[in-house]
Structure formats: structure tokens, C-alpha cells
Amino acid sequence: MKESSQPWKPFTAKYCCSVEDQTFFGNFSRCRTSKSDISKNINAPAPSFRRLSFSDLSRSSSTRLNEDLAQSFGPDLYDFQLSELRAITQNFCSNFLLGEGGFGTVHKGYVDDNLRQGLKAQAVAVKLLDIEGLQGHREWLAEVIFLGQLRHPNLVKLIGYCCEEEERLLVYEFMPRGSLENHLFKRISVSLPWSTRLKIAIGAAKGLAFLHGAEKPVIYRDFKTSNVLLDSDFTVKLSDFGLAKMGPEGSDTHVTTRVMGTYGYAAPEYVSTGHLTTKSDVFSFGVVLLELLTGRRATDKSRPKREQNIIDWAKPYLTSSRRLRCIIDPRLAGQYSVKGAKQMALLARQCVSLNPKDRPKMPSIVETLEALQHYKDMAVACGQAQASTKSATRNGVSSGGRLEGRGASYRKSAPVTSSKKT
Ligand SMILES: Nc1ncnc2c1ncn2[C@@H]1O[C@H](COP(=O)(O)OP(=O)(O)O)[C@@H](O)[C@H]1O
Ligand SMILES: [Mg+2]
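Conventions adopted
Residues numbered from 1 in each chain as written. Chains lettered and ligands numbered in written order. Predicted model: local features only at pLDDT ≥ 70, side-chain atom pairs only at ≥ 80, totals over all residues. Heavy atoms only, no water. Helix = DSSP H or I, 4+ residues; strand = E, 2+ residues; numbered from the N terminus. Buried < 20%, exposed > 50% of the residue type's maximum accessible area, 1.4 Å probe, protein only. Core = buried A, V, L, I, M, F, W, Y, C linked by side-chain atoms within 4.5 Å. Domains from an automatic or database assignment. Contact = heavy atoms within 4.5 Å. Donors = N, O, S within 2.8 Å, 3.2 Å for Na, K, Ca; no water. Pairing = 2+ DSSP bridges. Axes fitted to C-alpha atoms, helices over the stretch in contact; angles between N-to-C directions. Phe/Tyr/Trp six-rings, centres within 6.5 Å; stacked < 30°, edge-to-face > 60°. Lys NZ or Arg CZ within 6 Å of the ring centre and 35° of its normal.

A. The arrangement of the environment of Ala-142 in detail. Within the fold, Ala-142 resides in helix H7 (residues 134–149). Assessed through its relative accessible area of 0%, Ala-142 is described here as buried. Each C-alpha atom, one on Ala-142 and one on Ala-244, is 7.3 Å from the other, the two residues being 102 residues apart in sequence.

In C-alpha cells form, the structure reads like this:
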């Protein structure tokens, strides 16, 4: 996943101002929405503007970068010192570890009223990026620029950042229920009821619809269950904008030289040609719908070969309620709306269509899913046959590795290593 193993050097124009980066960050729209009516946000007129260019910021040294970011974001984002973040996470103590992803560890921290003026006492999540190589810094900056400007009830709130010499950290609001990945696939968690799965699907769809509906569409590029974070009432907050990209201007497709994302979730045309559109996110959304329906991971190497890819395995079962019963998550124990599940399965099938044009748009997906909330019919629990002959139980095999490649090729990311900061 890392682009290079060279130590990070402050960005220079030579390093960062590729055509891709210009498209990525140039003329970024500032998007602020009212925090109340989510569905209103989807159809809302394009948000107001502020110009913020990646190339301006990335030319800076870390000291200059801090000044530039502070100037750009003002009171919206706090510029933390490393010592402050050490203090609130007990020196990134392992007892406070919330999780570990492709770019480092995430620790829980507690902010009190005295830390910064205007910052209320609260729990936070501090991501400590392992920025060995250029890519880590690029993702950190992307996250600050996107999440610093985008605000929506279904996007996680970035509270601040830290940029000190070679250290790069991000401070988010703490999501008490963690990620959807943990709820769906970790044995310890209680199974999510049908109505909660539907609520999660709707919240995530609204988050993506908001991104795609911005004046310049934002392509999220890394939609997957570990990036769907859950608040105490299961409100979805999308996180991780390190791979997000501004939509193309003038045409509806954008060719990227670097294919990035996560195995099992990335749209086939994007993986093979680098063509990136909002429909790439719709494909990934379809994969997550299948995970919600079946309780299986997008890719699972521990299963028999024909069951390892969720789409290949599930596709023949998505067209009727009778067939669907064979693959529905056994942890639902029959407690799901038969009509609702069938509609969701048909929607998932459309989303993972090979031809991007056959995939629905996010606002229409939101509408379809919202209509399912009215179904009150429940399947009767008994004798659910699983499509798997070997095993109907889930397992804790890790989800697909992230993709990164050049042109039409891609490779599996290197094993994740945590940064050993003390
Ligand atoms: N804001 C947050 N609140 C609570 N837990 C979080 C938060 N952000 C991340 N996490 C946890 O940390 C884990 C690692 O996150 P991340 O570094 O984004 O990697 P990935 O998305 O690849 O899992 C997540 O899966 C989640 O369980
Ligand atoms: Mg994440």
C-alpha cells in the first residue's frame, strides 16, 4: 500500500503537483449543510464555495503547512501539539487502542474542558499515521482537506490534526459503537437486527449521496464496512477520506494512474482501466449491502474457492425470496422482512452490475432503501439452508487488503505494520 519506503520529506511542487493531485484537490468546494434534515441534504442545492488548493498546501514545509492549514480552517479545526495528544491517550497506550488500519493505529482519548478554548470535554479517536513514504502524508493531507471542509450528519467529524516534523495525526469525534465491520464479523458482538442493518444502509447511502451531490462530486473510493462508523444510536458516520477524489470536470469519468481501494470492494472497471466515477462508489456500496444481507465478508480466503468472493457466491441467490433464504445471515435467525430483504438483494444486484451505467445513483438508492422501512413482515425462523455446504458459521478472517497499482495493474498491499510511537 505504501507508495515508497523512503522516509517522508516535506512536499515540494515536484513531488506533489501531478495532474492527478491538481484534479484531486484543486478548487475544492466548501460544503456545509444544516445539521438537521438529512434527506433535505441530498436534494439540497450545491453547497457554497471556498477555494482551497492542495498544491498550495503541499508545497509547504511542516511548519508552513501548519500555518497554511490554520489559516485555511481557522476555528473549524484544532491544530494540536503531539504532547497534547500523547497526554490525552496516555501516551498512545495499548489499552486505549481502538483499532488498526492500513496507515496506523487509532487510540481513544479524553479531552477535558481545559485543553483548548471552545473545545468541549469529550471522548475522541486519535489516528496515528505511519507516514513512511509519500503516500501516508498524502492521505493525511487529503483527510484534513476533505473532512475539514465537508460537514454532514453522516460523515465523521474531524476535530483537529497534528503535524510535527515527521508525525502526522488526526483527531476525530469518538464513535462509541466502532465500525460496522466489528458488528457484522466479530463473534463477540451481538447480531445486528434487520431494522438496524436497514438504518445503517440508509445512513451510509445518505453520506455517499451527499458526497456525490456536491458541486464537484467527491468520489469516496474506499467505501467498506471498516469505514462505516457507528454512533450510539447506530447513526452512520463515514470515515477515512484519505483516498477520496474530486470528481472530474467536463466529462463523467476520470482516469487515474494509481488504482487504490480495497480488494473485494473496488469496481471492476476501475481496477482494470483506472476509470473512476461516482458509480465506482455505488459498486462498493452494493458489496456492503451484500455483507449486511449475508453476514459474510466481501472476500474470505478461508472459504471454498467458489465462495470466496461475495458477489460470485451470492449473485445466483438474489432474485427471489426463496433463494435469498439460502444466503441470508443466519445470525438474523429469521427475524427480517422477507419483502424488504428481497428488495435490498435486488438493489445490491443492480449496484454490482458490471456495466456502471446499469448501477443506480445514490439518491435513488436512498429512496429505495427508505421505502423498505415500512415493511413489517417478518420471516419465520427455522431451517434456513445456507448456500455453503461446508459451514454456515462466520469466521474472523480479515477483509481484503487495499489496492494500489499503476495503470491497469494492481497489487495487494504489504502487511500492515503499526508505527511504534511512544
Ligand atoms: N472515530 C472513531 N471512533 C471509534 N473508533 C474508530 C474511529 N476511527 C476509527 N476507529 C476504529 O479504528 C479502526 C481502524 O481504523 P482505520 O485506521 O480507519 O482503518 P480501517 O478503516 O482500515 O479499519 C476502525 O476499524 C475502527 O474500529
Ligand atoms: Mg477506516
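There is more to say, and it comes next.
B. View of the nonpolar core. In terms of nonpolar packing, the biggest core is built from 94 residues, with Trp-140, Phe-285 and Leu-369 touching the most fellow members. The element that contributes the greatest number of residues to this core is helix H9 (residues 194–212), accounting for eleven residues. Looking at this core, you find at least three residues from each of domain 1 (1–174) and domain 2 (180–410). With sequence-adjacent residues up to four places away left out, Leu-369 is seen in contact with Leu-198, Ala-201, Ile-202, Ala-205, Phe-285, Leu-289, Met-344 and Leu-347. Within the second largest apolar cluster, 15 residues are counted, among which are Tyr-78, Ile-88, Val-124 and Leu-128.

C. Quick look at the coordination of the magnesium ion (ligand 2). Donor atoms from the polypeptide that bind the magnesium ion (ligand 2) are Asn-227 (OD1) and Asp-240 (OD), placed at 2.1 Å. Separated by 13 residues along the polypeptide, Asn-227 in the loop between strand S9 (218–219) and strand S10 (228–230) and Asp-240 in the loop between strand S11 (236–238) and strand S12 (245–246) bring together distant segments of the chain. Each member of the pair, Asn-227 as well as Asp-240, carries the same accessibility label: buried.

D. Layout of the sheet that holds strand S7 (residues 158–164). Taken together, the six strands give an open sheet; going across it, the order is S2-S7-S8-S5-S4-S3, and neighbouring strands pair in mixed fashion. Of all the strands in the sheet, the pair left with one neighbour each is strand S2 (78–79) and strand S3 (97–101). In the sheet, S2 pairs with S7 via two bridges, with the strands oriented parallel. Within S7, the position partnered with Tyr-78 by the bridge is Gly-160. On the sheet, helix H5 (residues 62–73) packs against S2, S7 and strand S8 (167–173) and is oriented at approximately 160° with respect to S7.

E. Highlighting the packing of aromatic side chains. Counted by the stated rule, this structure contains seven aromatic pairs. Within the aromatic cluster, the residues linked to one another by ring pairs are Tyr-220, Phe-223, Phe-241 and Phe-285. The ring centre of Trp-140 lies 5.4 Å from the NZ or CZ of Arg-168, which sits over that ring. When the ring centre of Trp-313 is taken as origin, the NZ or CZ atom of Arg-296, which lies over that ring, is 3.8 Å away.

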